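The primary structure of each chain is shown beneath.
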Amino acid sequence: MKQLIIVLGLVLLLAAPTVLAQDEGPKLGVGAWAGMSIPVIQDDQESGMVFGFMGRFKVLPFLVLEPGFSFAKWGAPETIEGIDFGIDGSKLTSIGINATLGGAPGVPGVKPFFVAGIASYKVKNDDTGYDESNLGWNAGLGIGYGISPSFDLDFRGLVVVAPQENGSKKALSITGGLNFNFGASQ
């Protein structure tokens, strides 16, 4: 599955000259973000921090592809009936690609958008020895704010589903970040 995502990333890089040839404002950018990852319907994890980095490729005026990777660290589970299990929360890493509908780079003002993507998710817990990777998905809503043609603020709420051998790990990620758009005219 990781090979599929790497191939998609390489295809995007090969398509970059075509994207850059269009004259509709900035086409390429990068972003970084951080926030909270809140496990859903899981008693074995508590909320934790999530952060990540992404590239941004504007394919059409309303469609942006975002290859990227993220890291989350969930908290230790709560005690159940006074019993402390003595384990830390799991780590969730991903590499994948998102597509946003709306929220084009380089446009000033408020920009709502939809986001959906696929990624290879790796869930690992050193205390229990659990270590599994599978292809999963995410979807949600966001709102961007164009500070200038070069910089956008980015706020998102995503549902993340990482399938595992016995079920799946699900989380709600609430993040905020900053995107930089290359080639934006001031």
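Provided above is the structure to which this section pertains.
In this text the structure is predicted, and so the values were computed from the model without any measurement.

## Focus on the overall build of the protein
Helices and strands together make up the secondary structure of the protein, namely one helix and eight strands. Per-residue burial for the protein yields a buried fraction of 41% across its 186 residues. For the protein, the accessible surface area stands at approximately 9800 Å², while carbon and sulfur atoms represent 68% of it.

## Describing the sheet that holds strand S8 (residues 167-182)
Overall, antiparallel pairing links the eight strands, which are arranged S1-S2-S3-S4-S5-S6-S7-S8 in a closed barrel. Each neighbouring strand pair of the sheet contributes to a mean axis angle of 25 degrees, computed without reference to strand direction. By the bridge criterion, 10 bridges tie strand S6 (residues 130-146) to strand S7 (residues 151-164) in an arrangement that is antiparallel. In the strand pairing of S7, Gly140 is matched with Leu158.

## Some points on the side chain of Ser90
Mapping Ser90 onto the fold places it in the loop between strand S3 (63-75) and strand S4 (91-102). Given a relative accessible area of 3%, Ser90 falls into the buried group. The residues contacting Ser90, other than those within four sequence positions of it, are Gln45, Ala72, Lys73, Trp74, Val123, Lys124 and Asn125.

## Regarding the pairing of strand S5 (residues 109-125)
Where S4 meets S5, 12 bridges bridge the pair, whose relative direction is antiparallel. Bridge assignment links Leu92 to a residue of S5, and that residue is Val123. As consecutive antiparallel partners, S4 and S5 are separated by six residues, and within that stretch Gly103 has a phi angle of approximately 70 degrees, a positive value. Between S5 and S6, which pair antiparallel one after the other, the connecting turn spans four residues, and Gly129 there sits at a positive phi close to 80 degrees.

## What about the layout of surface pockets?
Reported here for the largest pocket is a volume of approximately 170 Å³. As for the largest pocket, its lining consists of Asp44, Gln45, Ile87, Ser90, Asn125, Thr128, Tyr130, Gln164, Asn166, Gly167, Ser168 and Lys169. Residue composition of the lining of the largest pocket, grouped by class: two nonpolar, eight polar and two charged.

## Structural notes on the environment of Glu78
Its place among the elements puts Glu78 in the loop between S3 and S4. Residues Glu78 and Gln45 lie 33 residues apart in sequence; the distance between their C-alpha atoms is 7.8 Å.

Thresholds applied
- Residues numbered from 1 in each chain as written.
- Predicted model: local features only at pLDDT ≥ 70, side-chain atom pairs only at ≥ 80, totals over all residues.
- Heavy atoms only, no water.
- Helix = DSSP H or I, 4+ residues; strand = E, 2+ residues; numbered from the N terminus.
- Buried < 20%, exposed > 50% of the residue type's maximum accessible area, 1.4 Å probe, protein only.
- Areas by Shrake-Rupley, 256 points an atom, 1.4 Å probe, with all protein chains shown as cover.
- Pairing = 2+ DSSP bridges.
- Axes fitted to C-alpha atoms, helices over the stretch in contact; angles between N-to-C directions.
- Contact = heavy atoms within 4.5 Å.
- 1 Å grid on protein atoms, 1.4 Å probe; cavity = no way out; pocket = protein on both sides within 12 Å on 5 of 7 lines; lining within 4 Å.
- Points joined across faces, edges and corners; volume = space filled by probe spheres on them.
- Nonpolar A, V, L, I, M, F, W, Y, C, P; charged D, E, K, R; others polar.

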